[in-house]
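# Descriptive structure summary
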Amino acid sequence: MKKSILLLLSLLTAITGCAPLFSDMQGARLVGKRQFELTPGYSSVAMVSQDYKGGVANFAGLQAAYGLSDQVDLRFRYEHAWLKESFQVDEIGDMPFNIYSIGPKINVVRDRVSLFLPMLLIAESLAQFQPTFLFTVPLAPRQVEFNPSVKYLFNLCSACSGNMVAFNFGMAFSNDTSKWAIRPEYGVLYSFADSGRFSNFSIGLSFKMSRDR
């Protein structure tokens, strides 16, 4: 087990810091006090840097949100990740691993701007802090929304180096986006460590599980 963790940390270091999961698949809207929302989703991150080209990381997982109040949600996320192409670390090859995150989502401007503060754990080690501003721009009332976001990724694990900034451009399609939505998303991430660039495509399905207030 210890050897596997060391190999994983070596691989994460090789791809410029802690497997950059940076998709959002959510907008600025909060779920509401004592309400639940679930979002299963899939993300594919293409990694291109000066030294490692053509690698792809895949993430499949589930996000869950619970409304602590009308102003604050608590969000949890689980992702199962597997790497395609070994970024010139051939002795490791493809290695699946799990990522967990938890943090509050705070209302700034109702249904338009929110602040999300998740902490990420990789291989049971504290890895990243990702403060994120989420925005929602209605294009067709309750049917089509544009959900851009911007986040800063602080690497916290000892095997990681360099922080990153990411921009996501998501959409929401539904007949009532306050209840459910299909969420395609494209994003880009830039690493300050080696000027590396990462691109992301994600797709998610959000649905609210209502509960009496």
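These notes cover the structure that comes with them. Sequence order sets the numbering: in each chain, residues are counted from 1 along the sequence as written. The predicted origin of the model limits local features to residues at a pLDDT of at least 70 and limits the giving and counting of side-chain atom pairs to 80 or more, whereas totals for whole chains, interfaces and linings rest on all residues. Side-chain metrics rest on all non-hydrogen atoms present in the structure, leaving aside hydrogens and water.

## Overview of unusual backbone geometry
- One non-glycine residue with positive phi stands out, namely Asp111, at about 65°.
- Numbering of helices and strands runs from the N terminus; a helix is a DSSP stretch of H or I covering at least four residues, while a strand is a stretch of E covering at least two. For Asp111, the location among the structural elements is in the loop between strand E4 (97–109) and strand E5 (113–116).
- Any residue under 20% of the maximum accessible area for its type is buried, any over 50% is exposed, and the rest in between are partly exposed; the area is computed with a 1.4 Å probe on protein chains only. Overall, the relative accessible area of 24% leaves Asp111 in the partly exposed class.
- Although it is not a glycine, Arg142 sits at a positive phi angle of roughly 60°.
- By the secondary structure assignment, Arg142 is in the loop between strand E9 (137–140) and strand E10 (144–155).

## Quick look at the side chain of Asn155
- Within the element layout of this structure, Asn155 appears in strand E10.
- Throughout this description, a polar contact denotes any pair of N or O atoms lying within 3.5 Å of each other; where both atoms belong to protein, one of them has to be capable of donating a hydrogen while the other can accept it, and for residues adjacent in sequence the pair is counted only when both atoms sit in side chains. A distance of 2.9 Å separates a polar atom in the side chain of Asn155 from a polar atom in the side chain of Gln128.

## Notes on the layout of surface pockets
- A pocket here means an open set of points on a 1 Å grid, computed over the protein atoms alone, that has protein on both sides within 12 Å along at least five of seven lines. A cavity is instead a set of points where a 1.4 Å probe fits but cannot get out; residues with an atom within 4 Å of a point line either one. Grid points are joined across faces, edges and corners, and a volume is the space filled by probe spheres set on the points. Volume-wise, the largest pocket comes out at about 280 Å³.
- What lines the largest pocket is a set of 13 residues, among which Arg29, Leu30, Val31, Arg110 and Asp111 lie closest to the centre.
- Classification used: nonpolar for Ala, Val, Leu, Ile, Met, Phe, Trp, Tyr, Cys and Pro, charged for Asp, Glu, Lys and Arg, polar for all others including Gly. Residue composition of the lining of the largest pocket, grouped by class: two nonpolar, four polar and seven charged.

## Here we look at the environment of Ile182
- Tracing the backbone through its elements, the reader meets Ile182 in strand E12 (residues 180–191).
- With relative accessibility at 39%, the residue Ile182 sits in the partly exposed group.
- When the C-alpha positions of Ile182 and Gln26 are compared, they lie 10.0 Å apart, and in sequence the two are 156 residues distant.
- The contact criterion used is simple: two residues touch if any of their non-hydrogen atoms lie within 4.5 Å. Not counting residues within four places of it along the chain, the set of residues in contact with Ile182 comprises Met171, Ala172, Phe173, Ile203, Gly204 and Leu205.

## Structural notes on the packing of aromatic side chains
- Aromatic pairing here means that ring centres of Phe, Tyr or Trp (its six-membered ring) are within 6.5 Å. Orientation follows from the plane angle: under 30 degrees is stacked, over 60 is edge-to-face, and everything else is tilted. With the rule as written, the count across this model stands at five aromatic pairs.
- When the centroid spacing of 4.8 Å and the interplanar angle of 45° are considered together, the rings of Phe36 and Tyr66 count as tilted. Remark: Tyr66 occurs in strand E2 (residues 53–67) and Phe36 occurs in strand E1 (residues 36–48); sequence separation between them is 30 residues.
- Accessibility expressed as a relative area gives 34% for Phe36, which makes it partly exposed.
- Given a relative accessible area of 24%, Tyr66 falls into the partly exposed group.
- These aromatic residues form a ring-pair network of at least three members: Phe129, Tyr152, Phe154 and Phe192.
- Geometrically, a lysine NZ or arginine CZ counts as sitting over a ring once it is within 6 Å of the ring centre and also within 35 degrees of the ring normal. Taking NZ or CZ as reference, Arg75 lies 6.0 Å from the ring centre of Phe116, over its face.

## Examining the side chain of Asn147
- Structurally, Asn147 can be placed in strand E10.
- Reaching out from Asn147, the side chain makes a polar contact with the side chain of Thr136 at a distance of 2.8 Å.
- In contact with Asn147, other than residues within four places in its own chain, are Gln26, Gly27, Phe135, Thr136, Asn168, Phe169, Gly170, Met171, Ala172 and Arg183.

## As for the environment of Gln26
- Following the sequence through the fold, Gln26 ends up in the loop between helix H1 (2–14) and E1.
- The class for Gln26 is buried, based on a relative accessible area of 5%.
- Sequence separation of Gln26 and Pro184 is 158 residues, and the distance between their C-alpha atoms is 9.8 Å.
- Setting aside residues up to four positions removed in sequence, Gln26 forms contacts with Gln63, Arg75, Lys105, Phe116, Leu134, Asn147 and Arg183.
- Side-chain polar atoms of Gln26 contact the side chain of Arg75, separated by 3.4 Å.

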